[in-house]
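# Examination of the molecular architecture
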Amino acid sequence: MGHRKHSISTFPRFLYLNSYAFLLLAMGVGIAIVPCYRMGGWWFVVPQAIVALTCLKGAWRILHSWGDKKRKYHVLMERNTPTLRPETFREYMQAPCGRLLTKTVLYDLGKREAYRELKALEEPLPRRLRKACKPQKTTIYINKDFQP
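These notes cover the structure that comes with them.

Bringing helix 5 (residues 66-79) into the picture now. Its 14 residues give helix 5 an end-to-end C-alpha distance of 20 Å, which sits within 8% of 20 Å, the value for a rise of 1.5 Å per residue. The set of residues buried in helix 5 consists of Trp-66, Lys-69, Tyr-73, Leu-76 and Met-77. Summarising the axial view, the buried residues of helix 5 lie within an arc of 100°, below the 170-degree limit, and thus occupy one face. Looking at the buried residues of helix 5, the elements they touch are helix 1 (11-17), helix 4 (45-64) and helix 6 (96-109).

So, about the side chain of Arg-128. Secondary-structure assignment places Arg-128 in helix 8 (residues 125-133). At a separation of 3.3 Å, a polar atom in the side chain of Arg-128 contacts the main-chain carbonyl oxygen of Gln-94. Filtering out sequence-adjacent residues up to four positions away, Arg-128 remains in contact with Gln-94, Arg-99, Glu-122 and Glu-123.

Another aspect to go through is the side chain of Thr-102. Positionally, Thr-102 belongs in helix 6. When its relative accessible area of 0% is taken as the criterion, Thr-102 is described as buried. Ignoring sequence-local partners within four residues, the contact set of Thr-102 consists of Phe-89, Tyr-92, Met-93, Tyr-115 and Leu-118.

Going from Thr-81 to Pro-82, the amide bond is cis rather than trans, its omega being 5°. Considering the arrangement of structural elements, one finds Pro-82 in the loop between helix 5 and helix 6.

The rules behind each value
Residues numbered from 1 in each chain as written. Predicted model: local features only at pLDDT ≥ 70, side-chain atom pairs only at ≥ 80, totals over all residues. Heavy atoms only, no water. Helix = DSSP H or I, 4+ residues; strand = E, 2+ residues; numbered from the N terminus. Expected span 1.5 Å × (residues − 1). Buried < 20%, exposed > 50% of the residue type's maximum accessible area, 1.4 Å probe, protein only. Arc of directions from axis to C-beta. Contact = heavy atoms within 4.5 Å. Polar contact = N/O pair within 3.5 Å; in protein donor to acceptor, adjacent residues only side chain to side chain.

See the structure below:
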């Protein structure tokens, strides 16, 4: 099947790659409109608001990252043409949105069957949670020869 010229900047792909954002948005709105004050007084409204705002903030962050997703799509397409390099997908296999991006890239490369192999790169949830709670080391590299 080979490499075909595709674009990530289409409405159906925007919906697909941001489906978790729309799920969080629906959850946030759904939680916000439940009349909790009727069930047990106004004390239930504070946790309700915290959960609803957390969902809405998560949806906003995912939707706001659309430009970054487009850039990552192009990087993955370049790195995996003409041969598939599974290690380039490792970080994307750790999050639901990244797995959707991986599926899209594999589809465009005509290598959808490789997803099973890449699924082995997904770390177990407890390990991902432990990593997320530890401080991360950041390394900055400055290319002195960079020409824009």
